[in-house]
Amino acid sequence: MSKSLIQFIIEEQRHIPGATGDFTGLLSDIVSACKQIAHDVNKGALIGVLGSAGSENVQGETQKKLDIITNEVFIKANEWGGHLAAMASEEMDDILPIPAKYPKGKYLICFDPLDGSSNIDVNISVGTIFSILRAPEGVENPTAADFMQPGTKQVCAGYALYGPATMIVLTSGHGVNGFTLDRDVGDFFLTHPKMTIPADTAEFAINMSNQRYWEKPVQRYVEECVKGKDGGREKNFNMRWVASMVAEVHRILTRGGIFMYPFDTKDPAKAGKLRLMYEANPMSFIVEQAGGASSTGRERIMDIQPSGLHQRVPVILGSKNEVERVVGYHKNA
Ligand code: AHG
Ligand code: MN
Ligand code: MN
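Owing to the predicted nature of the structure, the values given are computational and were not obtained by experimental measurement.

**Observations concerning the nonpolar core**
And step 1. Counting residues in hydrophobic clusters, the biggest one holds 45 residues, and the most contacted among them are Phe-147, Tyr-159, Leu-253, Phe-259, Met-283, Val-315 and Leu-317.
And step 2. Among the elements that take part in this core, helix H6 (residues 276-289) stands out by supplying 8 residues, more than any other.
And step 3. Split by domain, the residues of this core number at least three in each of domain 1 (5-192) and domain 2 (203-332).
And step 4. Of all hydrophobic cores here, the second largest spans 41 residues; its members include Leu-66, Val-155, Cys-156 and Tyr-162.

Dropping the structure here:
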């Protein structure tokens, strides 16, 4: 039998001098949250959780019932354990301090409880994304400012994918490993050790309906992909768009590819669609750890100094040689 996720983490922590078991404890709480969410997503209409909640989040997006339920599940599973000092979520305007009745820990977590939630009612894969940071030394009651750390400071990043199988994919800076939920046993087991992204790909993912709003470098890149061998590229390309970032990143970790939600001029107030703290940074950490690259087109995503919890950034990530090509087109422009 393969290793359970928690066994894997404990064995990994043994090699880290001074590890207290806190990180393992936190991971174990996150795993519990993801199991509960997997259950709720899987039961769907049977337990009446599909459809809109009729409310809006801080970003002006209509919330699904499951956006709210999964946010609550994630909080409940993680607030009591004594490993966190505060949390931040896509679904909450401000950070959530750990309630006074629980002990506080040294970590901060940013999460997207349900990624791709527009897909939930149509029974397409969705996910949960998280990013773990350290609270600054000596800070017991963190503020939002304490979360403003670049992605390079992440201790761990991961996602759960609720697809045909439920999986958790993780990195703590020593490569990327994937675990599959065995529902009969009730545990995640290591099924995808040392996941890597091939440097080359012939598959791109972008929402083509935004084409007229893109900048020149992205226009050029996608046009060349579409034309393939007839337009000067050495190969023809295929295209995918799931509209669940977790599913796209998982596909790229499995067989390579490039995913783009680039800068566009659709809404001048937004520099892109995806959020830095709980989408772009954790996915960039995973992708880079698997040998891929992640950029806004102009800079490495993990180098960005954050300025807001819900800040948006352009995202271009995946197979290294294709990402570098798009970055090169930005330099030339
Ligand atoms: P969320 O459901 O957490 O708001 O995230 C949705 C994101 C991302 O997962 C996906 O890649 C993108 O939005 C899809 O955007 P379009 O609807 O523009 O295709
Ligand atoms: Mn999301
Ligand atoms: Mn979400």
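**Some words on the sheet that holds strand S5 (residues 107-115)**
And step 1. Read from one edge of the open sheet, 8 strands run S4-S3-S5-S6-S7-S8-S9-S10, paired in mixed fashion. With one partner strand each, in any of the chains shown, strand S4 (96-97) and strand S10 (187-192) form the two edges of the open sheet.
And step 2. In this structure, strand S8 (residues 166-171) lies alongside strand S9 (residues 176-182), joined through 5 bridges in antiparallel fashion. From the neighbouring strand, Leu-170 faces S9, where its bridge partner is Asn-177.
And step 3. Sitting on the sheet, helix H5 (residues 245-255) touches S5, strand S6 (126-134), strand S7 (156-162) and S8, and the angle it makes with S7 is about 105°.

**Here's the deal with the packing of helix H1 (residues 5-13) against helix H2 (residues 22-43)**
And step 1. With their axes 10 Å apart at the nearest point, H1 and H2 run at an angle of 165° to one another. Taken together, the axis directions place H1 and H2 in an arrangement best described as roughly antiparallel. When you trace H1 past H2, the crossing you get is right-handed. From H1, Leu-5, Ile-6, Ile-9, Ile-10 and Gln-13 reach across to H2, where they touch Phe-23, Thr-24, Leu-27, Ser-28 and Val-31.
And step 2. Grouping the constituent residues of the contact of H1 with H2 by class yields 7 nonpolar, 3 polar and no charged.

**Brief notes about the coordination of the manganese ion (ligand 3)**
And step 1. Within the protein, Glu-90 (OE), Asp-112 (OD) and Leu-114 (O) serve as the donor atoms for the manganese ion (ligand 3), at 2.2 to 2.3 Å.
And step 2. The motif formed by the donor residues of the manganese ion (ligand 3), counted along the single chain, is E-x21-D-x1-L.
And step 3. The manganese ion (ligand 2) is placed at 3.7 Å from the manganese ion (ligand 3), the two being bridged by Asp-112. Per residue, the accessibility class of Asp-112 equals that of Leu-114, and both read buried.

**What about the packing of aromatic side chains?**
By convention here, two paired aromatic rings are described through the distance between centres and the angle between planes.
And step 1. Scanning the entire structure with this criterion turns up 7 aromatic pairs.
And step 2. On the basis of an interplanar angle of 5° and a centroid distance of 5.5 Å, the ring pair of Trp-241 and Phe-259 is categorised as stacked. Placement of Trp-241 in the loop between strand S12 (238-239) and H5 and of Phe-259 in strand S13 (residues 258-261) is noted, with a sequence separation of 18 residues between them.
And step 3. Taking the relative accessible area as the measure of exposure, Phe-259 reaches 2% and is therefore buried.
And step 4. Directly above the ring of Tyr-329 sits Arg-220, whose terminal nitrogen or CZ lies 3.6 Å from the centroid.

**Comments concerning the environment of Lys-35**
And step 1. Positionally, Lys-35 belongs in helix H2.
And step 2. Apart from residues lying up to four places away in sequence, Lys-35 is in contact with Leu-181, Gly-186, Asp-187 and Phe-188.

**Considerations on the coordination of the manganese ion (ligand 2)**
And step 1. At the metal site, the manganese ion (ligand 2) is ligated by Asp-112 (OD), Asp-115 (OD) and Glu-279 (OE), and these contacts range over 1.9 to 2.2 Å.
And step 2. Counting residues between consecutive donors of the manganese ion (ligand 2) along the chain gives the motif D-x2-D-x163-E.

**A closer look at the domain arrangement of the protein**
And step 1. Taken as a whole, the protein is organised into domain 1 (5-192) and domain 2 (203-332).
And step 2. Averaged C-alpha coordinates put domain 1 and domain 2 at centres separated by 24 Å.
And step 3. On the side of domain 2, 31 residues touch domain 1, which itself brings 49 residues to the contact.
And step 4. Both sides of the domain 1 and domain 2 interface together cover about 2,800 Å² of buried area, and 64% of this is carbon and sulfur.
And step 5. For the pair domain 1 and domain 2, the number of links is 3 salt bridges.
And step 6. Scanning the region where domain 1 abuts domain 2 turns up 20 residue pairs in polar contact (both at pLDDT 80 or more).
And step 7. Secondary structure elements with two or more residues in the side of domain 1 that touches domain 2: strand S3 (84-89), S5, S6, S7 and S8.
And step 8. The element that contributes the greatest number of residues to the side of domain 1 that touches domain 2 is S6, accounting for 7 residues.
And step 9. The residue inventory of the side of domain 1 that touches domain 2, partitioned by class, reads 24 nonpolar, 19 polar and 6 charged.

Calculation notes
Residues numbered from 1 in each chain as written. Chains lettered and ligands numbered in written order. Predicted model: local features only at pLDDT ≥ 70, side-chain atom pairs only at ≥ 80, totals over all residues. Heavy atoms only, no water. Core = buried A, V, L, I, M, F, W, Y, C linked by side-chain atoms within 4.5 Å. Buried < 20%, exposed > 50% of the residue type's maximum accessible area, 1.4 Å probe, protein only. Helix = DSSP H or I, 4+ residues; strand = E, 2+ residues; numbered from the N terminus. Domains from an automatic or database assignment. Pairing = 2+ DSSP bridges. Contact = heavy atoms within 4.5 Å. Axes fitted to C-alpha atoms, helices over the stretch in contact; angles between N-to-C directions. Parallel < 35°, antiparallel > 145°, perpendicular 65-115°, else oblique. Left-handed = near helix turned anticlockwise from the far one by under 90°. Nonpolar A, V, L, I, M, F, W, Y, C, P; charged D, E, K, R; others polar. Donors = N, O, S within 2.8 Å, 3.2 Å for Na, K, Ca; no water. Phe/Tyr/Trp six-rings, centres within 6.5 Å; stacked < 30°, edge-to-face > 60°. Lys NZ or Arg CZ within 6 Å of the ring centre and 35° of its normal. Buried area = accessible area lost by both parts, 1.4 Å probe. Salt bridge = Lys/Arg side-chain N within 4 Å of Asp/Glu carboxyl O. Polar contact = N/O pair within 3.5 Å; in protein donor to acceptor, adjacent residues only side chain to side chain.

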